[in-house]
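# Examining the three-dimensional arrangement
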Amino acid sequence: MITPKINGAIVYRGPSMLDGAPIIVIVTGIAKSSRNAKTGDMIQSWILRDDVNPLEAAKTGQDETICGDCVHRPINGGSCYVKLFQAPLNIWRSAHRGIYPTVIDLNAIAALGQDRVVRLGSYGDPAAVPVAVWEALTARASAWTGYTHQWREAPHLMALCMASADNVAEQVMAQAMGWRTFRVRTASEPVLDKEFICPASKEAGNKTDCASCKACMGTSAKAKASPVIIAHGATARRFELTRSPSKTAA
């Protein structure tokens, strides 16, 4: 049983669905509200290598276990916006100090998400985790967000996650497969038909936050169009540099 004083729990510890290496999934924010202005109050979930700390995993390429073939991995150019030395490293260390209880019963996992908004993969790709974990965590949730770069190989996540598209070609392909997409663009690229600017973005004037928007729930969302956002923050330039002409072609 998770008490009000416990703010995190391990909900999965076992092989990655991507390559079989050991991973650990920790949910946080159970007892405390999130202070993230963009996402709002959400339960966060962290997908980490169990046997290697996040900094070392990213440096050596072992983060493939939890990120798959994502082009934004540090080893691929470093355009990932997650600051590994902050939450991921601290949470990994806390897990290995034994401060988080383990909750593997699916009903108990569902209780963690009861009437909350859940973020699937605050770090790491949801495709690395057995889908039953996510189905349980979202079963009683009021909403969730989820994004995967593994959409070509993970159609079972379509109802839960958005296909992360880094260019128009990927957006077209993913939508043809039945996915809703979340596309990152450069400032010079237009918003396409059946797309809308992410309302939690700076370019949209930060009209709302992710917890309130509820548009990024895969095909389970009421929204039929798909959001798009301009690459932002410290990694925006690196995002542009990772895009070769072959990847940006429509």
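Each remark here, short or long, concerns the structure printed above.
What this report covers is the structure whose coordinates are included nearby.

### Considering the state of the cysteines
Linking two cysteines covalently via their sulfur atoms produces the bond known as a disulfide. Per the stated rule, a full pass over the model turns up zero disulfides. Here cysteine 67 is not cross-linked by a disulfide; its sulfur's nearest cysteine counterpart is in cysteine 70, at 6.2 Å. For cysteine 67, a relative accessible area of 11% corresponds to the buried category.

### Digging into helix α5 (residues 131-139)
Within the sequence span of α5, burial applies to Val133, Trp134, Ala136, Leu137 and Thr138. On its buried face, α5 sits against β1 (8-15), β2 (22-28), β3 (43-49), α4 (106-112), β4 (117-123) and β5 (143-148).

### Some thoughts on the nonpolar core
In this structure, Val129 and Trp134 are the most contacted members of the largest nonpolar core, which totals 62 residues. Element by element, the count of residues in this core is highest for β2, at five residues. The contact partners of tryptophan 134, leaving out residues within four places of it in the chain, are Val25, Ser45, Ile47, Leu120, Gly121, Pro126, Val129, Leu157 and Leu160.

### A look at helix α3 (residues 87-96)
Of all the positions in α3, only Pro88, Leu89, Ile91, Trp92, Ser94 and Ala95 are classed as buried. On its buried face, α3 is in contact with β2, β3, α1 (54-60) and β4. Phi for glycine 98, located one or two positions after α3, is positive at around 85°.

### Things to note about the pattern of salt bridges
Under the defined criterion, the tally for this structure stands at eight salt bridges. The shortest N-O distance in the salt bridge between arginine 73 and aspartate 63 comes to 2.9 Å. Residue arginine 73 is located in the loop between α2 (64-67) and α3, and its partner aspartate 63 is located in the loop between α1 and α2; the two are separated by 10 residues in the primary sequence. In terms of burial, arginine 73 and aspartate 63 fall into one category: buried. Arginine 183 is the salt-bridge partner of glutamate 195, the closest N and O atoms lying 2.8 Å from each other. One end of the pair, glutamate 195, is in strand β8 (residues 195-197); the other, arginine 183, is in strand β7 (residues 181-185), with 12 residues separating them in the sequence. Judged by its relative accessible area of 10%, glutamate 195 falls in the buried class.

Criteria and cut-off values
- Residues numbered from 1 in each chain as written.
- Predicted model: local features only at pLDDT ≥ 70, side-chain atom pairs only at ≥ 80, totals over all residues.
- Heavy atoms only, no water.
- Disulfide = S-S within 2.5 Å.
- Buried < 20%, exposed > 50% of the residue type's maximum accessible area, 1.4 Å probe, protein only.
- Helix = DSSP H or I, 4+ residues; strand = E, 2+ residues; numbered from the N terminus.
- Contact = heavy atoms within 4.5 Å.
- Core = buried A, V, L, I, M, F, W, Y, C linked by side-chain atoms within 4.5 Å.
- Salt bridge = Lys/Arg side-chain N within 4 Å of Asp/Glu carboxyl O.

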